[in-house]
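# Examining the three-dimensional arrangement
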Amino acid sequence: VQLQASGGGLVQAGGSLKLSCAASGRIFSTYGMGWFRQAPGKEREFVASITWRGGSTYYADSVKGRFTISRDNARNTVYLQMNSLKPEDTAVYYCATDRGGAQAMALMADPVRNLDYWGKGTQVTVSS
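## Some thoughts on the packing of aromatic side chains
Taken as a whole, this structure holds three aromatic pairs when the rule is applied. Between Tyr94 and Trp118, the ring centres sit 6.1 Å apart and the planes meet at 85 degrees, which makes this aromatic pair edge-to-face. Of this pair, Tyr94 sits in strand S9 (residues 91-98) while Trp118 sits in strand S10 (residues 117-118), placing them 24 residues apart in sequence. Classification of Tyr94 by relative accessible area gives buried; the value is 16%. Relative accessible area serves as the criterion here: at 24%, Trp118 is assigned to the partly exposed category. In this structure, Arg44 packs its charged tip against the face of Trp118, placed 4.6 Å from the ring centre.

## Some details on the state of the cysteines
All chains considered together, the criterion is met by one disulfide. Between the sulfur of Cys21 and that of Cys95 lies a disulfide, 1.9 Å long from S to S. Judged by the sign of its S-S torsion, about -80 degrees, the bond between Cys21 and Cys95 is left-handed. Note that Cys21 is positioned in strand S3 (residues 17-24) and Cys95 in strand S9, a separation of 74 residues in sequence. Take Cys21: its relative accessible area is 0%, and that puts it in the buried class. Residue class for Cys95 comes out buried when judged on its relative accessible area of 1%.

## Some remarks on unusual backbone geometry
Positive phi, normally seen in glycine, also occurs at Asn76, with a value near 50 degrees. Of note in this structure, Asp110 is not a glycine but carries a positive phi near 50 degrees. With respect to the secondary-structure elements, Asp110 resides in the loop between helix H1 (102-107) and helix H2 (111-114).

## Topic: the nonpolar core
With 34 residues, the main nonpolar core has Met33, Trp35, Val47, Phe67, Leu80, Met82 and Tyr93 as its most contacted residues. With residues near it in sequence (within four places) discarded, Phe67 still touches Arg37, Val47, Tyr59, Leu80, Gln81, Met82, Asn83, Leu85, Asp89 and Tyr93.

## Examining the pairing of strand S1 (residues 2-6)
Burial along S1 is one-sided: the face carrying Leu3 and Ala5 is buried and the face carrying Gln2, Gln4 and Ser6 is not. Where S1 and S3 come together, five bridges link them in antiparallel fashion. Its bridge partner lying in S3, Ser6 is registered against Ser20.

## Topic: the pattern of salt bridges
Counted under the stated rule, the structure contains six salt bridges. When the shortest N-O distance is used, the salt bridge between Glu45 and Arg37 registers 2.7 Å. Here Arg66 makes a salt bridge to Asp89, at a shortest N to O gap of 2.7 Å. Note that Arg66 is positioned in the loop between strand S6 (57-59) and strand S7 (67-72) and Asp89 in the loop between strand S8 (77-82) and S9, a separation of 23 residues in sequence. The class of Arg66 is buried, set by a relative accessible area of 11%. You can call Asp89 buried: its relative accessible area is 1%. Linked by salt bridges that have partners in common, Arg37, Glu45, Arg66 and Asp89 make up one network.

Definitions and limits used
- Residues numbered from 1 in each chain as written.
- Predicted model: local features only at pLDDT ≥ 70, side-chain atom pairs only at ≥ 80, totals over all residues.
- Heavy atoms only, no water.
- Phe/Tyr/Trp six-rings, centres within 6.5 Å; stacked < 30°, edge-to-face > 60°.
- Helix = DSSP H or I, 4+ residues; strand = E, 2+ residues; numbered from the N terminus.
- Buried < 20%, exposed > 50% of the residue type's maximum accessible area, 1.4 Å probe, protein only.
- Lys NZ or Arg CZ within 6 Å of the ring centre and 35° of its normal.
- Disulfide = S-S within 2.5 Å.
- Core = buried A, V, L, I, M, F, W, Y, C linked by side-chain atoms within 4.5 Å.
- Contact = heavy atoms within 4.5 Å.
- Pairing = 2+ DSSP bridges.
- Salt bridge = Lys/Arg side-chain N within 4 Å of Asp/Glu carboxyl O.

As far as function goes, none of this settles anything; it's purely spatial.
So this is what it looks like as structure tokens:
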């Protein structure tokens with residue numbers, strides 16, 4: 001499985017960005033897809049996840065109401081629409097997929113070690 005993330009950049013506080021993650025390889029319908037982020041000096045943390053077929057979504061409390069995860073199965077692509085961005089959203093954002101499913105991704109301890117597949121990160125910088 002390969003994941004290619006794109007869409008990061010520099011934006012002012014209150015602005016919006018949309019990240020994309022294109023997946024290739026053997027991904028089964030039970031796999032969850034999601035986004036994590038890692039700010040300088042901090043651990044990688046869960047942001048949002050979605051079931052590959054069912055469309056159920058999970059969000060970190062810090063992004064609820066501001067971020068929306070969605071997917072396009074025909075394109076094997078997952079998106080993260082980020083609105084009302086804050087400086088504390090500044091981080092490298094990573095796309096990921098896991099055989100355990102979307103809910104498991106939301107609850108996973110030590111995701112860097114335990115999660116199945118990671119894409120390369122994309123930098124999101126929010127200026128104040």
